[in-house]
Amino acid sequence: MATTLTVGASSLRPLGDRVLIKIVAQEEKTAGGLFLPDSAKEKPQIGEIVAVGPGRKNDKTSTIQPLDVKIGDKVLYSKYSGTEIKIEGAEYLLVNEKDILAIAE
């Protein structure tokens, strides 16, 4: 089941086994109360799925294999994967399903 993210006048619908993830902002303050500058922050690896493609096409049978993730899932993804997209000030990441490492439950 493919879904579309509507953004202003345009909309995004991932193709194939791609997934659009909204990046969860990282804490700007440490447990000890120190504020971290942008240069000291690590790239976040957790996000929430906001749109999914229809799934991967099986070349042998020409059927669509549905994705294991769905909208609303919080996921852990590979550190340097996907394409970063900024839409109306929010950061998103477009990745293949294989770049998702785990679903946070």
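Values in this document were obtained by computation on a predicted structure and should not be read as measured data.

We now examine the pattern of salt bridges. A full pass over the atoms with the stated rule returns 4 salt bridges. Between Asp17 and Arg56 there is a salt bridge; the shortest N-O distance is 3.5 Å. Here Asp17, found in the loop between β2 (10-12) and β3 (18-23), pairs with Arg56, found in strand β5 (residues 56-57); they are 39 residues apart in sequence, far enough to count as distant. In this structure, Glu48 engages Lys74 in a salt bridge whose closest nitrogen and oxygen atoms are separated by 3.3 Å. Here Glu48 is found in strand β4 (residues 46-52), whereas its partner Lys74 is found in strand β7 (residues 74-77), with 26 residues between them in sequence. Look at the salt bridges and you will find they share partners, linking Asp17, Arg56 and Glu97 into a network.

This part is about the pairing of strand β9 (residues 90-96). Examined bridge by bridge, β3 and β9 share 5 bridges and lie antiparallel to one another. Looking at β9, one finds that Leu20 is bridged to Leu94. Where strand β8 (residues 83-87) and β9 come together, 5 bridges link them in antiparallel fashion. Note that in β9 the partner of Lys86 across the bridge is Glu91. Connecting the antiparallel pair β8 and β9 is a turn made up of 2 residues, with Glu88 showing a positive phi of about 50°.

About the criteria used
Residues numbered from 1 in each chain as written. Predicted model: local features only at pLDDT ≥ 70, side-chain atom pairs only at ≥ 80, totals over all residues. Heavy atoms only, no water. Salt bridge = Lys/Arg side-chain N within 4 Å of Asp/Glu carboxyl O. Helix = DSSP H or I, 4+ residues; strand = E, 2+ residues; numbered from the N terminus. Pairing = 2+ DSSP bridges.

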